[in-house]
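For reference, the chains in residue letters:
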Protein chains: 2
Amino acid sequence: MNASSKPERTRLSAEDWEDAALSLIAEQGVNALAVEALARQLGVTKGSFYWHFRTREALLQAALERWEQYGEREIISQIEAIPDPRVRLPELFRRVAHELQPHRVYAALLKALDHPQVVPVMARVSQRRMDFLNTAFTQAGLPPEQALNRSRLTYAAYVGFLQLNFTLGLPRISHEEFDHYVEHMIATLIPH
Amino acid sequence: MNASSKPERTRLSAEDWEDAALSLIAEQGVNALAVEALARQLGVTKGSFYWHFRTREALLQAALERWEQYGEREIISQIEAIPDPRVRLPELFRRVAHELQPHRVYAALLKALDHPQVVPVMARVSQRRMDFLNTAFTQAGLPPEQALNRSRLTYAAYVGFLQLNFTLGLPRISHEEFDHYVEHMIATLIPH
DNA sequence: GATTAACCATACGGATGAGTATGGAATGCT
DNA sequence: AGCATTCCATACTCATCCGTATGGTTAATC
């Protein structure tokens, strides 16, 4: 087990630093993003970092933009193909529920909403996802205002569950219970 | 406009420091809780602080416990008196929705869930509130498992909305729209 | 009104982490 | 091979913030 997950002794690029930053953010939050700590984790020193980036702020910015772009071509683009919204929505719920790994960064950024650099990124990402929900609910037959409120409610439930169960570890729930919870969400939030 | 909200030049007590700490947490988060900054805001120096508290950690602990105890005798104890759960639940929703001021600390602590001192407090508070919801949903006629899941869903929606609208400022919503959203929540989440 | 205890100011030490300066090692190009 | 460019190490400076030491000031008490 080496210091990093990539034990190759090759030289580093800016993208390597961005990826390392994102994984560190996912594990320990934005506050823990220190250049010396990152350097140790990558097996180098600060001298390397300040060649690739002008400042710590620049790294965070680059990492956030990288994450935002990567998030674009994720679940949504695959799910968008399903024509029937009453099939698409439950499928979305179940997929999201069982792929909690990519949501670790989102959960970490949720705890860094006091940081000025994080806010606009999270605002864009969240808005896009809520727009996606909104069109789905509208296509499912909900009138415009109800669809808007339902998408807000749904996304709030997602965000809240992330915070409660993911970060706080509450409620202590089993896999089976979790599946039942997801089905309960589907039954409650999706019109039938 | 003085440095603090209390321009009296009287001497300080430990409780004054705890209150100041809580208001600073509400405004700038737990990370911003620095003793020198607090001292400046109170118009004194560190010398005062370290007479009342052994360490910064101790202040945070005391402030958190103070907040937790204060939260006990809040909305819940007043709402608990309403016997009919189908009246109690909507009333709870509306009350909580229009008293967002006391929730600022909760929203700030939600962003500090990586802090070891914050986690147990938030776990206790959140668990108590979910228990309250659970008994209400049970009394409203939901079978045990559904009531449990519904209370989880409801509380997650609350937490998520706090993060999205309160901290992130998304969606940009008017008072009227907000009222409609609350009514939509009531109609969707409370059995009828 | 003098003494004691409660409260606060000033001045330090030490740790941490961002950013700079500069020289050295590795790699690509010719 | 020789050279320039890219990448990294070492050794600093500087600012911030926690905590300590110590002496001074205010308020209570007899």
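Residues numbered from 1 in each chain as written. Chains lettered and ligands numbered in written order. Predicted model: local features only at pLDDT ≥ 70, side-chain atom pairs only at ≥ 80, totals over all residues. Heavy atoms only, no water.

## Details of a negative patch on the surface
Working step 1: Taken together, the side chains of Glu 145 of chain A together with Glu 176, Glu 177 and Asp 179 of chain B make up a negatively charged region of the molecular surface.
Working step 2: Ranked by residues supplied to the negative patch, first place goes to helix H10 (residues 175-189) of chain B with three residues.
Working step 3: Mapping Glu 177 of chain B onto the fold places it in helix H10. (Patch = residues over 30% accessible without salt bridge, like charges linked within 9 Å, V, L, I, M, F, W, Y side chains within 5 Å. Areas by Shrake-Rupley, 256 points an atom, 1.4 Å probe, with all protein chains shown as cover. Salt bridge = Lys/Arg side-chain N within 4 Å of Asp/Glu carboxyl O. Lys, Arg positive; Asp, Glu negative; His and termini not counted. Charge placed at Lys NZ, Arg CZ, Asp CG, Glu CD. Helix = DSSP H or I, 4+ residues; strand = E, 2+ residues; numbered from the N terminus.)

## Quick word on the protein's contact with DNA strand D
Working step 1: Neighbouring residues of DNA strand D: 18 residues in total, closest Leu 12, Thr 45, Ser 48 and Trp 51 of chain A together with Lys 46 of chain B.
Working step 2: Across the atoms of DNA strand D situated within 4 Å of the protein, the share located in sugar and phosphate is 60%.
Working step 3: Between DNA strand D and the protein, one listed contact pairs a phosphate oxygen with a side-chain N or O atom of Ser 48 of chain A at 2.8 Å.
Working step 4: In this structure, a phosphate oxygen belonging to DNA strand D sits 3.0 Å away from a side-chain N or O atom of His 52 of chain A.
Working step 5: Residue assignment for the surface near DNA strand D shows that the elements contributing at least two residues are helix H3 (46-52) of chain A together with helix H2 (35-42) and helix H3 (46-52) of chain B.
Working step 6: When its residues are assigned to classes, the surface near DNA strand D shows seven nonpolar, six polar and five charged. (Near = heavy atom within 4 Å. Polar contact = N/O pair within 3.5 Å; in protein donor to acceptor, adjacent residues only side chain to side chain. Nonpolar A, V, L, I, M, F, W, Y, C, P; charged D, E, K, R; others polar.)

## Overview of the interface of chain A and chain B
Working step 1: Listed per partner, the contact involves 37 residues of chain A and 37 residues of chain B.
Working step 2: Summing both sides of the interface, chain A and chain B together bury roughly 3,500 Å²; the carbon and sulfur share of this comes to 66%.
Working step 3: For the interface between chain A and chain B, the tally reads zero salt bridges.
Working step 4: Remark: the boundary between chain A and chain B carries eight residue pairs in polar contact (both at pLDDT 80 or more).
Working step 5: Along the lines of polarity and charge, the residues of the side of chain A that touches chain B split into 19 nonpolar, 12 polar and six charged. (Contact = heavy atoms within 4.5 Å. Buried area = accessible area lost by both parts, 1.4 Å probe.)

## Here we look at helix H4 (residues 56-72) of chain B
All names here are of chain B.
Working step 1: The terminal C-alpha atoms of H4 lie 25 Å apart, and with 17 residues this matches the ideal 24 Å at 1.5 Å per residue to within 8%.
Working step 2: If you check which residues of H4 are buried, you get Leu 59, Leu 60, Ala 62, Ala 63, Leu 64, Trp 67 and Glu 68.
Working step 3: Among the structural elements, helix H1 (14-28), H2, H3, helix H7 (103-110) and helix H8 (118-139) are those in contact with the buried residues of H4. (Expected span 1.5 Å × (residues − 1). Buried < 20%, exposed > 50% of the residue type's maximum accessible area, 1.4 Å probe, protein only.)

## Re the domain arrangement of chain A
Residue and element names in this part refer to chain A.
Working step 1: Splitting chain A by domain gives domain 1 (14-66) and domain 2 (74-189).
Working step 2: On a C-alpha basis, the centres of domain 1 and domain 2 stand 28 Å from each other.
Working step 3: In this assembly, 11 residues from domain 1 lie in contact with nine residues from domain 2.
Working step 4: Across the domain 1/domain 2 interface, buried area totals approximately 890 Å², and carbon plus sulfur atoms make up 70% of it.
Working step 5: The three residues of domain 1 that bury the most area against domain 2 are Ala 26, Val 30 and Leu 64, which together make up 50% of that side's buried surface. (Domains from an automatic or database assignment.)

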